[in-house]
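Structure assessment
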Amino acid sequence: MATLATPVRKRGHEDRPAKEQAPAVRAFRATPFTYGTLLIVAAILTTPLVFVGSIALAGDATVNNGGFTIIPREFHWDNFSRVFGTELPVGTFLLNSVLISLFSVVGQVLSSGLVGYAFARLRAPGKNTMFLVVIATMMIPTQITMIPQFILFRDLGWVNTFLPLIVPNFFSNAFNVFLVRQFVSRLPSELDEAAMMDGLGFFGVYRRIMFPMLRPVLIAIGIFTLTHTWGDFMGPLIYLNDESKMPLALGVQYITATSQAGQAPPWNLVMVGSILLALPMILVYYLGQKYLYEMDISGGSAGVK
């Protein structure tokens, strides 16, 4: 009598004993101790910011007496308007910071995207060696190139202009190029090939296909560049001489130098300038934090979500 043969099923993951299966990942559950620790750490980290706000709202008598407190006891909101009525053109400082930062962001986004895409997709002899040279420039301290750059810009006649602070950003930097290259290299190359079959060249592929997909990493580069240029102090200090061309980061320091000999600097106005310097960066990070999270350079999948 013939018997039906039953197929032998290989032992898979579902046939493993319970002891052999990988343990399930347990979700982290916060306890009251966790929340208490976080509150203490948050209070310690925010204390300097609260102190800055307390000084900014203090009156002139409190500044002269030095009777500052961490918790504000005075609320002189007119200090935020008085700072624009000083001998220094604070409004011009603010406008200069906006102009320098915006042009620098545009330069870094355009140049870093193109250079990073070229390193990731174009085929050229010595490309990898050149990329290693670019990455190696990250290990050169800024202080080493400071004097040669100043001599170069002086010979070009760019001293006391915005050009030394803006033009270098149109040539990207090693870190931003690395970010874009890592992002593009993990995107499927079939996208480029399909676009080239439709008649697009390298620049057309970048403009129509890659540039929209690079939005998270390019926005992150813009945020990093804006943070650096908005708070840059050393660059304007070296290249700018006229007060009408100084950005806010350098102008805040000049507010402390307007007091007479033996008189305390107007620390309340100085702290108002510091708040004006810090508040835009807080708003930028708050509005752009989702793009920073989407910039997954390890998987390169943020652009195709």
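A quick note: this is a predicted structure, and the numbers were derived from the prediction, not measured.

1. Re the overall build of the chain
If you tally the helices and strands in the chain, you get 14 helices and zero strands. For the chain, the N- to C-terminal ordering of α and β elements is α-α-α-α-α-α-α-α-α-α-α-α-α-α. Here the chain, with 305 residues, has 32% of them falling under the buried criterion. Contacts spanning at least 24 positions in sequence make up 70% of the contacts within the chain whose residues lie at least 6 apart. Roughly 19400 Å² of accessible area belongs to the chain as shown, and the carbon and sulfur atoms make up 66% of that amount.

2. A closer look at the pattern of salt bridges
By the definition in use, this model includes three salt bridges. For Arg-82, the salt bridge is made with Asp-60, and the minimal N-O distance between the two is 3.3 Å. Placement of the pair is Arg-82 in helix H3 (residues 79-82) and Asp-60 in helix H2 (residues 60-65), with a sequence separation of 22 residues. For Asp-60, a relative accessible area of 39% gives the class partly exposed. Between Arg-154 and Asp-155 there is a salt bridge, with the nearest N and O atoms lying 3.6 Å from each other. Residue Arg-154 is classed as partly exposed on the basis of its relative accessible area, which comes to 46%. Judged by relative accessible area, which is 57%, Asp-155 ranks as exposed.

3. Focus: the environment of Gln-289
Secondary-structure assignment places Gln-289 in helix H14 (residues 267-294). By relative accessible area, which is 32% here, Gln-289 ends up partly exposed. It is 9.4 Å that separates the C-alpha atoms of Gln-289 and Ile-223, two residues lying 66 residues apart in sequence. Engagement of the side chain of Gln-289 in a polar contact is seen with the backbone oxygen of Tyr-286, the distance being 3.4 Å.

4. Remarks on the nonpolar core
Core analysis: the largest hydrophobic core is formed by 21 residues, its most contacted members being Val-184, Met-210, Leu-214, Val-217 and Leu-218. Those elements that provide at least two residues to this core are helix H4 (90-121), helix H8 (174-185), helix H10 (202-213) and helix H11 (215-230). For this core, the element with the most residues is H11, which contributes five residues. Grouped together as the second largest cluster of nonpolar side chains are 15 residues, Ala-56, Val-83, Leu-248 and Ile-255 included.

5. Focus on a nonpolar patch on the surface
A cluster of nonpolar side chains, Leu-95, Val-98, Leu-99, Leu-102 and Phe-103, forms an exposed patch at the surface whose accessible area comes to about 440 Å². If you trace the backbone, Leu-95 turns up in helix H4.

6. Considering the confidence of the model for the chain
Considering every residue of the chain, the mean pLDDT works out to 84; 85% of them sit at 70 or more. The secondary structure element of the chain with the lowest average pLDDT is helix H9 (residues 190-197), at 84, and the one with the highest is helix H7 (residues 163-166), at 95. Low confidence marks residues 297-305, where pLDDT is under 50. Its contacts with residues over four positions away, or in another chain, come to 18 contacts.

7. Quick word on the side chain of Thr-62
For Thr-62, the location among the structural elements is in helix H2. With a relative accessible area of 15%, Thr-62 lands in the buried category. Beyond its immediate stretch of four places on either side in the chain, Thr-62 contacts Gly-67, Phe-68 and Glu-74.

8. Quick notes on helix H6 (residues 142-155)
Spanning 14 residues, H6 covers 20 Å between terminal C-alpha atoms, matching the ideal 20 Å at 1.5 Å per step. Of all bends in H6, the biggest is about 25 degrees, found at Pro-148. Remark: Gly-157 follows H6 within two positions and exhibits a positive phi of approximately 80 degrees.

How each quantity is defined
The numbers attached to residues start from 1 for each chain and follow its sequence in the written order. Per-residue local features of the predicted model are confined to residues with pLDDT of at least 70, and side-chain atom pairs are confined, for both listing and counting, to 80 or more; whole-chain, interface and lining totals are unaffected and use all residues. Hydrogen atoms and water are omitted, and side-chain values are computed over all heavy atoms in the structure. Every helix listed is a DSSP run of H or I at least four residues long, and every strand listed is a run of E at least two residues long, numbered separately from the N terminus. Burial status follows relative accessibility: with a 1.4 Å probe on protein chains alone, a residue under 20% of its type maximum counts as buried, one over 50% as exposed, and anything between as partly exposed. Pairs of residues are marked as contacts when any of their non-hydrogen atoms sit within 4.5 Å. Only the protein chains shown count as cover for residues, and the accessible areas themselves come from Shrake-Rupley with a 1.4 Å probe. The working definition used for a salt bridge is a side-chain nitrogen of Lys or Arg within 4 Å of a carboxyl oxygen of Asp or Glu. Any N or O atom pair separated by 3.5 Å or less is treated as a polar contact, with the protein-specific requirement of one donor-capable and one acceptor-capable atom, and with residues adjacent in sequence counted only for side-chain atom pairs. Here, the term nonpolar core denotes a set of buried Ala, Val, Leu, Ile, Met, Phe, Trp, Tyr and Cys residues that are joined through side-chain atoms within 4.5 Å. What makes a patch is a set of residues exposed beyond 30% relative accessible area and free of salt bridges, joined within 9 Å when like-charged and within 5 Å when nonpolar (Val, Leu, Ile, Met, Phe, Trp, Tyr). Known as pLDDT, the predictor's confidence for each residue is given on a scale from 0 to 100. Here, expected helix span is obtained from the residue count minus one, scaled by 1.5 Å. Bend, in this description, refers to the angle at a residue between axes fitted to the seven residues ending there and the seven starting there.

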